[in-house]
Each structure stands twice: as C-alpha cells, then as structure tokens.
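Structural overview for review
Listed below, chain by chain, are the residues.
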Amino acid sequence: MTLDTLITNARLLLPHKGLTDGVLGIKDGRIAVIAEHKADLAAREVIDCQGLWLLPGIIDPHVHFGFGSPETDFETESRNAALGGTTSALSFHRSKDIRDSFESARNLAERQSCIDIGFHFGITSHLHVQTLEEISTRFGVSSYKLYMMYKGAAGLAQGFTDIDDGLLYSALRETARIPGAVLGVHCENVEVIPVLRDPLRAAGRDDLRAWNEQSPDFLEAENVHRVCYFASKTHTPVNIVHLSSREALDEVRRHRQRRNGPPIYVESCPHYLFLNDESPAGPYAKVNPPIRGQGDVEAMWEGVLDGSITTIGSDHVPRKRATKDKNIWAASNGFPGTGMILPIMLHEGYHRRHIPLSRIIELCSANSAHIYNMPNKGSIEIGKDADLLVVDPDLEKVVDPATLESHADYSPYEGMAIKGWPVRTLVRGRTIMQDGRITDEARAHPGGHFLRRL
Ligand SMILES: [Zn+2]
C-alpha cells in the first residue's frame, strides 16, 4: 500500500499510552498506519515532525459562527480555529422554523469552512419542540440548546414568547425520546439579575467585577439545579454549557449522586480557566455567564482534574472591537476564542499547573467526539479521520488579533505571551495550516465537511 502521507519522528499522543515515539500513515483522509518505525512504508508526502507532538485535532463544541458577519463567518472563523488547532466545531443554528432555514446554513458552512462543522439547534419555541424529532433525523443533528437567559421579559425583548419552565420541561421530555440526543442549557436566573444589576448601574459601577456581581454564581447554580432535577424526572441526558462557578459545579456533583439518574455533562470554557474578574480586558471579557473571581478559576481546574468537567468549548462570538469599546453595561456580549482553546490549555494547564496532556486532550477532543456522536473524531486510532496537529509545546507567541484571521479585530487575550501552539493543522489528512498561516490551498478550496451526527 502506498500511503498519501507519512508523518515521521513524531511523539504521538495515543489513547491509554500517552506520548509515544512513532510514525503515522494517512490514506484517503484516515489514519491507516501507526508504527514504531517507518520501516518500508512508502508515501507521496512525508512530514518530518522533528520530535514534536502529534495530537488529535481539537473539537470545539460551542461556537457562534454567524454572530460576526453572517455572510463570511464560516470562512474567517474556521481559519481562526485552524490556526489554534481546532479541526471540528459545532455552531448554533436558530431560526423561527428550522425546517426552512437549515439547509442554506449547512450549505454555506460547507462552502466556506476549512474545518469540519456540525450544528446544535437553538430551542426557543414550542414549534421547535414539536418538530424536534423531525429536524433531528432529517438534518443529522443530535444536540440542542435552550436559553434560560431569554426567559420572561429578557426573552420578550428578543422576540421569544415561549421560553419558560414549561418549554424547558417539554424540551427535556422530547429530547429523551431521541436516542443519542442531549439537551444543552444556558443556566442563569435572568429574572433575578435586574434586582442585582440596577443598583450597581445606579452607583456608577463600570467594571468587569460589577458584571460578575449582577449575575453571581448562585443564579447559575439555581438554574443548574432546576435543569438537573427536571432531567432526572424525564431521564434526559443534559449538558450544562459554559459552566463558570464552583457553586454551580457542586450542584452538578450533587445531582450526579442520584441513583439511575441520566448523564449530566459539563462544558466549561478557556476564559473561565484563565481570566478572572480583575482582568484588564474589561468589556472585551464581558460574557454570560460572567468571568468570575480567582476562587472559581481554581474550582474549574479542580473540575478538569477530577473529571467533573466533561468538555471545553470556546463560546466563540466574533463581533468587532467597536461593539466592545463601551461601558460594561453597553458593550456586546461574548468574544472570540475558538483558536485559543489548545494554546490556553497548554500554557495555563500543561505548563503552569502540570495537568496531564492526556487529560487536556480528553476534555478538548475525545469527550466531545463521544457525547456528540462523532465516532471518527477525537483520538489517534486506526480508521479515524486524520485530524491531526503537529504541536510545539515550547513555542511562545504573543496574541495579536492582526494575525488571527477572525472577523473580530480584538481578543481578550491580546498582548499575552502564550506558550504551546500548533505549527501544522491537518483536517482529514490535508494540511490547512502551516507555521501560523492558512495554506493557499485551503484558502482556495476550504474543504470542510458537514458533521452528520444522527
Ligand atoms: Zn454560547
């Protein structure tokens, strides 16, 4: 057999083995050979890793492509992802009737993206619940998100009339009927927020900590309790997305002790592991749930180590800097981050906190492949997609938005020196990034596939 590509002199991260010296062969976009020595393997292309790491591509289960420039986000943001080692991303699709809107969203993604793309459906109405099984099987989508943030008055302001606990319960019940499906929930008690926010605003506060104080940890934990409790009654696998606080994580731990309870997954984000509410990023780091204090940052790392956090997602929102250059109350919500997952986890997790590399990759790749039904992704094994990263753990770069390819022209991490970057990104065997640049080939022919997951 002549291979398409042979990767030599690599330190491969293999499941249950850790970093292992060896070579890897790719044929037709898949991993065909893993061996100790190159022996008599022949290939059309040879990549010499020169002793660097070879890791599975990062899977980002939480991006909002389309919130920056709907026409071009899949192009720019997929490039931003590839620069940092993210090779698959799941983006949120939301519309009045998903049956009418989904195909054009998928086609746009396939035309523009240089990484593989799947979707979650946003559930905001009873129509979405009624059509959930139909749209899931028809479009191959097995995960959804319900926004408790748009409940009541907050929802009406956005045009959402149906979001209440009844919608939550019926969405849970319907999700349970779809094998392999999981319901993600944004947990913050939005009805209490104004009670805390209005006095802070009236007092003239304009800082990141005030943003934390207007939606404190217990408003997240209260919603986590409600979701987990209802999920136990409907036997629905649930996913607490972008979890930010110790209080909320402890609530998940408590509910997981229930006998015969459904799986409860937890996603956290690089920013809850790396920034605190004293960060000089100010409004650039405004997000919901808010960036917390250092005690919560420490709690998130404890959750990474003890396995109570399942996955890491970026919650990538690629709006322009101009939407952020305002006071904390008026600045837009969210910020870009999909291309920062691996660098931050290596810099802060591997280097500074000595978190095992295999644990980092479990959370940033393997676990998402598992819970979101992507059997061909998530680890370096024969037969899986050759989504691979050549990583230089000692390469240090200062984050500069001008080189990140995103529609967003800022980063909450700009100016920071971060150690641990991919120098080459392959998607299904094809190099789309080399030495910090998207290849001309990937610019001309993006080549991303739609991830059908049901
Ligand atoms: Zn989000």
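Residues numbered from 1 in each chain as written. Predicted model: local features only at pLDDT ≥ 70, side-chain atom pairs only at ≥ 80, totals over all residues. Heavy atoms only, no water.

**Quick notes on the overall build of the protein chain**
Quick reminder of the rule: Each helix is a run of DSSP H or I of at least 4 residues and each strand a run of E of at least 2, with the numbering of both proceeding from the N terminus. Under the scheme applied here, a residue whose accessible area is under 20% of the maximum for its type counts as buried, over 50% as exposed, and between as partly exposed, the area being computed with a 1.4 Å probe on protein chains only. As used throughout, the charge tally considers Lys and Arg to be positive and Asp and Glu to be negative, leaving His and the chain termini uncounted. By convention, the point assigned to a charge is CZ for Arg, NZ for Lys, CD for Glu and CG for Asp.
When you go through the protein chain residue by residue, the secondary structure sums to 15 helices and 17 strands. The C-alpha extent of the protein chain, read off along each of the three principal axes, is 70 × 45 × 45 Å. Counting across all 454 residues of the protein chain, residues that qualify as buried make up 61%. Here the protein chain carries 50 positive and 59 negative side-chain charges, and the mean point of each set is 3 Å from the other.

**So, helix α4 (residues 132–139)**
The periodicity of an α-helix, 3.6 residues per turn, causes residues three or four positions apart to be oriented the same way. The condition is simple: As used here, the arc is the angular range of directions from the helix axis to the C-beta atoms. Only heavy atoms matter for contacts: two residues are in contact if any of them lie within 4.5 Å across the pair.
Taken together, the buried positions of α4 are occupied by L132, I135, S136 and F139. Looking straight down α4, one finds its buried side chains confined to an arc of 100°; they lie on one side. Packed against the buried residues of α4 are α2 (98–112), β8 (116–123), α3 (126–130), β9 (143–147) and α6 (165–176). Backbone geometry just after α4 places G140 at a positive phi near 70°.

**Some points on the coordination of the zinc ion**
Formally: Note on donors: an N, O or S atom is included if it sits within 2.8 Å of the metal, or within 3.2 Å for Na, K and Ca, and water is never included, so sites can look incomplete.
Each protein donor to the zinc ion is listed here as H62 (NE2), H64 (NE2) and D315 (OD); together their distances run 2.0 to 2.1 Å. The sequence pattern describing where the donors of the zinc ion fall on their chain is H-x1-H-x250-D. In this pair, H64 sits in the loop between β6 (58–63) and α1 (73–83) while D315 sits in the loop between β13 (311–312) and α13 (341–353), placing the two residues 251 residues apart along the sequence.

**Observations concerning the UniProt feature "domain: Amidohydrolase-related" (unreviewed entry) in the protein chain**
Going by this rule: UniProt positions are given in the numbering used here, feature names are shortened, and annotations may be inferred rather than shown by experiment.
If you check UniProt for "domain: Amidohydrolase-related" (unreviewed entry), the listed places come out as residues 294–431 in our numbering. In residues 294–431, helix accounts for 30% and strand for 19%; the two terminal C-alpha atoms are 39 Å from one another.

**Regarding the nonpolar core**
Rules: The set of buried Ala, Val, Leu, Ile, Met, Phe, Trp, Tyr and Cys residues whose side-chain atoms join them within 4.5 Å is what this entry labels a nonpolar core.
Ranked by size, the top nonpolar core spans 104 residues in total, and within it L55, I115, I123 and I240 carry the most contacts. Beyond its immediate stretch of four places on either side in the chain, L55 contacts L13, L342, L357, I361, I380, D387, L388, L389 and V391. Counting 16 residues, the second-largest nonpolar core is a separate cluster that includes I7, A10, I26 and I31.

**Concerning the domain arrangement of the protein chain**
Rule in force here: Those domain boundaries reflect an automatic or database domain assignment. Two parts placed together each lose some accessible area under a 1.4 Å probe, and adding up what both lose gives the buried area.
Looking at the protein chain, the domain boundaries give domain 1 (2–54 + 386–444) and domain 2 (58–70 + 85–96 + 116–371). Put simply, the middle of domain 1 and the middle of domain 2, counted by C-alpha atoms, are 29 Å apart. Listed by partner, the interface residues are 29 residues for domain 1 and 35 residues for domain 2. Both faces considered, domain 1 and domain 2 share a buried interface measuring about 2700 Å² in area, 69% of it formed by carbon and sulfur atoms. When the buried area of domain 1 at its contact with domain 2 is split by residue, H407, Y410 and Y413 rank highest and sum to 29% of it.

**Comments concerning the packing of α6 against helix α9 (residues 217–234)**
Rule in force here: Between the N-to-C directions of two axes lies an angle of 0 to 180 degrees, each axis being a line fitted to C-alpha atoms and, for a helix, fitted only over the stretch in contact. Convention used here: angles under 35 degrees read as roughly parallel, angles over 145 as roughly antiparallel, angles from 65 to 115 as roughly perpendicular, and any remaining angle as oblique. Crossings are sorted by hand: turned counterclockwise from the far helix by less than a right angle, the near helix makes the crossing left-handed, and turned clockwise it makes it right-handed.
At a minimum axis distance of 9 Å, the contact between α6 and α9 shows a crossing angle of 45°. One finds that α6 runs oblique with respect to α9. In this structure, α6 crosses over α9, and the sense of that crossing is right-handed. In this structure, α6 contributes D165, L168, Y169, L172, R173 and A176 to the contact, and α9 contributes R226, V227, F230, A231 and T234.

**Observations concerning α13**
Convention followed: Working rule for helices: expected span equals 1.5 Å times residues minus one.
The terminal C-alpha atoms of α13 lie 16 Å apart, and with 13 residues this falls more than 12% below the ideal 18 Å at 1.5 Å per residue. By the burial criterion, the buried members of α13 are I341, L342, P343, I344, M345, L346, H347, E348 and G349. One or two steps after α13, the chain reaches H354, where phi turns positive at roughly 55°.

**Focus: the packing of helix α10 (residues 246–256) against helix α12 (residues 294–306)**
Where α10 contacts α12, the axes come no closer than 9 Å and their chain directions differ by 30°. Between α10 and α12, the contacting residues are R246, L249 and R253 on the first element and G295, D296, A299, M300, E302, G303 and D306 on the second.

**Details of the sheet that holds strand β12 (residues 264–268)**
Using the following cut-off: A pair of strands counts as paired when DSSP detects no fewer than two bridges linking them.
Ordered in space as β6-β7-β8-β9-β10-β11-β12-β13, the eight strands form an open sheet in which the pairing is parallel. In the strand order of this sheet, the two ends are held by β6 and β13, each with one partner. Where β8 and β9 come together, three bridges link them in parallel fashion. Following the sheet pairing, F121 is matched in β9 by Y144.

**So, the state of the cysteines**
For clarity, the threshold we go by: Two cysteine sulfur atoms make up a disulfide if the distance between them is within 2.5 Å.
Taken as a whole, this structure holds zero disulfides when the rule is applied. Distance from the sulfur of C49, which forms no disulfide, to the nearest cysteine sulfur (C364) is 20 Å. Judged by relative accessible area, which is 2%, C49 ranks as buried. With no disulfide of its own, C364 lies closest to C269 among cysteine sulfurs, the gap being 11 Å.

**Points about the side chain of S245**
As a reminder of what qualifies: Whenever a nitrogen or oxygen atom comes within 3.5 Å of another N or O atom, the pair is scored as a polar contact, on the condition that within protein one atom can donate a hydrogen and the other can accept it, and that pairs from neighbouring residues in sequence are kept only if both atoms are in side chains.
Looking at the element boundaries, S245 is found in the loop between β11 (238–240) and α10. For S245, a relative accessible area of 0% gives the class buried. Of the polar contacts made by the side chain of S245, one reaches the side chain of E220; its length is 2.7 Å. If sequence neighbours within four positions are ignored, S245 has contacts with D217, E220, R292, D296 and M300.

**Regarding the environment of V141**
With respect to the secondary-structure elements, V141 resides in the loop between α4 and β9. It is 27 Å that separates the C-alpha atoms of V141 and L55, two residues lying 86 residues apart in sequence. Aside from chain neighbours lying at most four places away, what touches V141 is F102, F119, H120, F121, S136, R453 and L454.

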